[in-house]
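Below are the chains, spelled out letter by letter.
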Amino acid sequence: MSQKVNTKEITDLIRGLVSIPSPSGNTEQVIRHVDEYFNKLGLETKRNHKGGLLVTLPGENDDRHRFLTAHVDTLGAMVKEIKPNGRLKLTMIGGFRWNHVEGEYCQIETADNKLFTGTILMHQTSVHVYKEAGNAKRDENNIEVRIDERVESEQDVKELGISVGDFVSFDPRVEITESGFVKSRHLDDKASVALLMHVIKLLKEEGTKLPFTTHFLISNNEEIGYGGNSNIPNETEEYLAVDMGAIGDGQTTDEFTVSICAKDSSGPYHLGLRKHLENLSKENHIEYRIDIYPYYGSDASAAIRAGFDLKHGLIGPGIDASHAFERTHETSLLHTARLIYHYLKSDMNS
Ligand SMILES: [Zn+2]
């Protein structure tokens, strides 16, 4: 029963996931973490060459398949240059604004897996020194990392083992409030990965067989556009991406319901599948919003672009201030988990 959805377990899973750095391109550790969870449930997993994780639940009907995905990769950065003053210049991984990471603590991982901490700052930060501290442009040239080591030159930094190409991840600063809010970076899309993990666990505990063989891909390249566009078996008819719902002016999505996407930058999602998700929500008293995301693409649209013939859909929890200071509420997680659960057990009639 979807009544068994446990938001405490979901938020615990989220805390675990966001605490493991995983910018796109460096996701091995977090994938291993999810893999261990599935293995503990007694599930067999597979890895693709890109590093993503696949789990298949066999269904009563093995001729028609479903495919669901959520992505575990996040925004981040890479060392682009070591400056003569011992600070690091960054290049972005994924799409965000520099002002959304200004002041954030970060971690630098060297090629030989040494970890250093630092802070992402404007070069002109000190108001006692820089007259233009407030209005200097937040860009690649002015944003730099102050490493928490005694370094004053490029040579000092190199001696630590830090070099161009090292991954830089942002402190998630995860907090779960008494009022039920989950505040953290990277809720996009680790909140959805946690939802898939939890729903798979519920299904496993129930021991019921799904109506259709269903594949789950924990994708690791979504933020850079090509996470879930491969490893889709020929029998797959429906492809559902579980990824964040976008909140802002004019949006219906909020932090308390599940968002069902009608259209994003890639165009409309499959109408039949969207209606099916809407009907399931109505039948099961799941609170939902139909919405349009103006600047957005998903692994489902990536799969369509890659040439797969699928009915594609997109649902997810509402995430405020996405790709920046993200937040959602446990009720949005609850409704999203319940919709995933009922969808998995539903007939394929879209
Ligand atoms: Zn996402």
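Cut-offs used in this document
- Residues numbered from 1 in each chain as written.
- Predicted model: local features only at pLDDT ≥ 70, side-chain atom pairs only at ≥ 80, totals over all residues.
- Heavy atoms only, no water.
- Helix = DSSP H or I, 4+ residues; strand = E, 2+ residues; numbered from the N terminus.
- Rg over C-alpha atoms; globule rule 2.2 N^0.38 Å.
- Buried < 20%, exposed > 50% of the residue type's maximum accessible area, 1.4 Å probe, protein only.
- Contact = heavy atoms within 4.5 Å.
- Areas by Shrake-Rupley, 256 points an atom, 1.4 Å probe, with all protein chains shown as cover.
- Lys, Arg positive; Asp, Glu negative; His and termini not counted.
- Charge placed at Lys NZ, Arg CZ, Asp CG, Glu CD.
- Phe/Tyr/Trp six-rings, centres within 6.5 Å; stacked < 30°, edge-to-face > 60°.
- Lys NZ or Arg CZ within 6 Å of the ring centre and 35° of its normal.
- Expected span 1.5 Å × (residues − 1).
- Arc of directions from axis to C-beta.
- Pairing = 2+ DSSP bridges.
- Axes fitted to C-alpha atoms, helices over the stretch in contact; angles between N-to-C directions.
- Parallel < 35°, antiparallel > 145°, perpendicular 65-115°, else oblique.
- Nonpolar A, V, L, I, M, F, W, Y, C, P; charged D, E, K, R; others polar.

**Considering the overall build of the protein**
Step number 1: Counting secondary structure elements, the protein contains seven helices and 19 strands.
Step number 2: The C-alpha radius of gyration of the protein comes to 21 Å, within 12% of the 20 Å expected for a compact globule of 350 residues.
Step number 3: Counting across all 350 residues of the protein, residues that qualify as buried make up 55%.
Step number 4: If you take every contact in the protein between residues at least 6 apart in sequence, the share linking residues at least 24 apart comes to 76%.
Step number 5: Carbon and sulfur atoms make up 48% of the accessible area of the protein, which amounts to about 15,300 Å² in all.
Step number 6: Distance from the positive charge centre (39 side chains) to the negative charge centre (53 side chains) of the protein: 1 Å.

**Brief notes about the packing of aromatic side chains**
Step number 1: The tally for this structure, following the rule as stated, stands at six aromatic pairs.
Step number 2: Consider the rings of Phe-67 and Tyr-239, whose centres lie 5.0 Å apart with planes at 25°: the pair is stacked. Highlighted residues: Phe-67 in strand β3 (residues 59-71) and Tyr-239 in strand β13 (residues 236-242), separated in sequence by 172 residues.
Step number 3: Look at Phe-67 and you get buried, because its relative accessible area is 0%.
Step number 4: Here the aromatic residues Phe-96, Trp-98 and Phe-170 are joined through ring pairs into a cluster of three or more.
Step number 5: A cation over an aromatic ring shows up here: Arg-66 above the ring of Tyr-343, its NZ or CZ 4.4 Å from the ring centre.
Step number 6: Just above the ring of Phe-181 sits the side chain of Arg-327; from NZ or CZ to the centre is 3.7 Å.

**Some thoughts on helix α1 (residues 7-18)**
Step number 1: For α1, which comprises 12 residues, the first-to-last C-alpha distance of 16 Å matches the rise-based estimate of 16 Å (1.5 Å per residue) to within 8%.
Step number 2: All of the buried residues along α1 are Thr-7, Ile-10, Thr-11, Leu-13, Ile-14, Leu-17 and Val-18. Down the axis of α1, the smallest arc covering the buried residues is 155°, so these residues share one side.
Step number 3: Lining the buried residues of α1 we find α2 (28-40), β10 (175-176), β11 (181-183), α4 (187-206) and α7 (330-344).

**Some words on the sheet that holds strand β19 (residues 327-329)**
Step number 1: Taken in spatial order, the three strands of this open sheet run β10-β11-β19, and their pairing is antiparallel. Looking at the sheet topology across the chains shown, the edges are occupied by β10 and β19.
Step number 2: When β10 meets β11, the two strands line up antiparallel, connected through two bridges. Its bridge partner being in β11, Ile-176 is matched across the sheet by Val-182.
Step number 3: Lying on the sheet, α7 is in contact with β11 and β19; it crosses β19 at an angle near 70°.

**Re the packing of α1 against α7**
Step number 1: With their axes 10 Å apart at the nearest point, α1 and α7 run at an angle of 105° to one another. Viewed along their axes, α1 and α7 adopt a mutual orientation that is roughly perpendicular. For the pair α1 and α7, the contacting residues are Thr-7, Ile-10, Thr-11 and Ile-14 in the first and Glu-330, Leu-333, Leu-334 and Ala-337 in the second.
Step number 2: Partitioned by chemical class, the residues of the contact of α1 with α7 number five nonpolar, two polar and one charged.

**Notes on unusual backbone geometry**
Step number 1: A cis amide bond links Asp-188 with the next residue in sequence, Asp-189, at an omega value of 5°.
Step number 2: With respect to the secondary-structure elements, Asp-189 resides in helix α4.
Step number 3: Notably, Ala-321 is not glycine yet its phi reads approximately 50°, a positive angle.
Step number 4: Considering the arrangement of structural elements, one finds Ala-321 in the loop between β18 (311-319) and β19.
Step number 5: Residue Ala-321 is classed as partly exposed on the basis of its relative accessible area, which comes to 29%.

**Digging into the pairing of β18**
Step number 1: Taking burial as the measure, the nine residues of β18 include eight buried ones, the bulk of the element.
Step number 2: Alignment of strand β14 (residues 245-246) against β18, held across two bridges, turns out to be parallel. The partner of Gly-245 across the bridge, within β18, is Gly-318.
Step number 3: Taken together, the three bridges between strand β15 (residues 258-264) and β18 define a ladder with antiparallel strand orientation. The partner of Ser-259 across the bridge, within β18, is Gly-316.

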